[in-house]
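# Results of the structural survey
What follows is each chain in one-letter form.
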Amino acid sequence: MDGVSNERRPIMSMSPPTTPSPPPPPPPAGPAPTPSAAPYPARLTIDYPEQLNRVTTAFRMILIIPIALVLGILTNSSTTTVQTTDGEWLTTTGAGITSALFVVTLLMILFRQRYPRWWFDFALELSRFSARVGAYFALVTDSYPSTVDEQSVHLDIDYPDDVQRDLNRWLPLVKWFLAIPHVFILFFLWVGAFFAVVFAWFAILFTGRYPRGVFDYVVGVGRWSLRVYAYAFLLVTDRYPPFELR
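Note that the structure is predicted; figures quoted are calculated from it, not measured.

### A few points about the overall build of the chain
- Per the secondary structure count, the chain includes nine helices and four strands.
- Ordered by position from the N terminus, the helices and strands of the chain form the series β-α-α-α-β-β-α-α-β-α-α-α-α.
- Across the 246 residues in the chain, those meeting the buried criterion constitute 35%.
- Long-range pairs, those at least 24 residues apart, make up 70% of the contacts in the chain between residues at least 6 apart in sequence.
- Just so you have it, the chain exposes about 16,200 Å², and 66% of that area is on carbon and sulfur atoms.

### Observations regarding the packing of aromatic side chains
- Under the defined criterion, the tally for this structure stands at 17 aromatic pairs.
- Between the aromatic rings of Trp201 and Phe202, the centroid separation amounts to 5.0 Å while the plane-to-plane angle is 85°, which identifies the pairing as edge-to-face.
- Of the residues examined, Phe202 reaches a relative accessible area of 43% and is grouped as partly exposed.
- Over the ring of Tyr159 we find Arg117, and its NZ or CZ is 4.4 Å from the ring centre.

### Describing the packing of helix α3 (residues 65-75) against helix α5 (residues 117-137)
- α5 packs onto α3 with a crossing angle of 145° between their chain directions and a minimal axis gap of 11 Å. In the crossing of α3 with α5, the sense of the turn from one axis to the other is left-handed. Residue-level contacts link Ile67, Val70, Leu71, Leu74 and Thr75 of α3 to Leu126, Phe129, Ser130 and Val133 of α5.
- Residues of the contact of α3 with α5, tallied by class, amount to seven nonpolar, two polar and no charged.

### A short note on the pairing of strand β4 (residues 153-157)
- Of all the five residues making up β4, four are buried; the element is thus mostly covered by neighbouring parts of the structure.
- Note that strand β1 (residues 42-46) and β4 share five bridges and pair antiparallel. If you follow Arg43 over to β4, its bridge partner there is Asp156.

Calculation criteria
- Residues numbered from 1 in each chain as written.
- Predicted model: local features only at pLDDT ≥ 70, side-chain atom pairs only at ≥ 80, totals over all residues.
- Heavy atoms only, no water.
- Helix = DSSP H or I, 4+ residues; strand = E, 2+ residues; numbered from the N terminus.
- Buried < 20%, exposed > 50% of the residue type's maximum accessible area, 1.4 Å probe, protein only.
- Contact = heavy atoms within 4.5 Å.
- Areas by Shrake-Rupley, 256 points an atom, 1.4 Å probe, with all protein chains shown as cover.
- Phe/Tyr/Trp six-rings, centres within 6.5 Å; stacked < 30°, edge-to-face > 60°.
- Lys NZ or Arg CZ within 6 Å of the ring centre and 35° of its normal.
- Axes fitted to C-alpha atoms, helices over the stretch in contact; angles between N-to-C directions.
- Left-handed = near helix turned anticlockwise from the far one by under 90°.
- Nonpolar A, V, L, I, M, F, W, Y, C, P; charged D, E, K, R; others polar.
- Pairing = 2+ DSSP bridges.

Here's what the structure looks like:
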């Protein structure tokens, strides 16, 4: 027919609009931190000395005597022997301040569930002073032990803020028993540490340096001992000490 176009028009397809793909899910979160991942409440670190004095190292056993006497007077028990009117000899032994701290702290936690802060502060400073003397004896530092300054020996113990929540009142009665496996292992570790210090003494005299592996071992034994001491005798934590030097 005239006037009618035979041209075909394209058919428009009506496809549904595409929706954007959802974003990928976030990566799964890591495991929640457990209490065991937290640092232990008693910690010890000592700065590694790059160079040590050969002369003071050679005469360390003499140089340490004055400060060792001070520490000994503070911590050692006293023994007194007297003769009675009947001619019998009677020996009495007084507990040292370390033993007294353990006994009275045990009684305070057991009956009052309290740990006086000033009590803790004294035990902490005494532990720090003892650690400085021990570090000087073990040749890991040339700094003569101070009764006040921290020096290169960093010792920290966390105070139990809430004794009723953080400390079991009955556990101090058996902590010394639970610590026996540690004490058994530490006996052999300290024997090894003694020979390690003797080896380090010769190494310092010849090279002026403390072998790094020996240094880490000696400090690690001291760190292990501190954790056991804080658990079984200072009674500041119920968390069982790990069996490790780190």
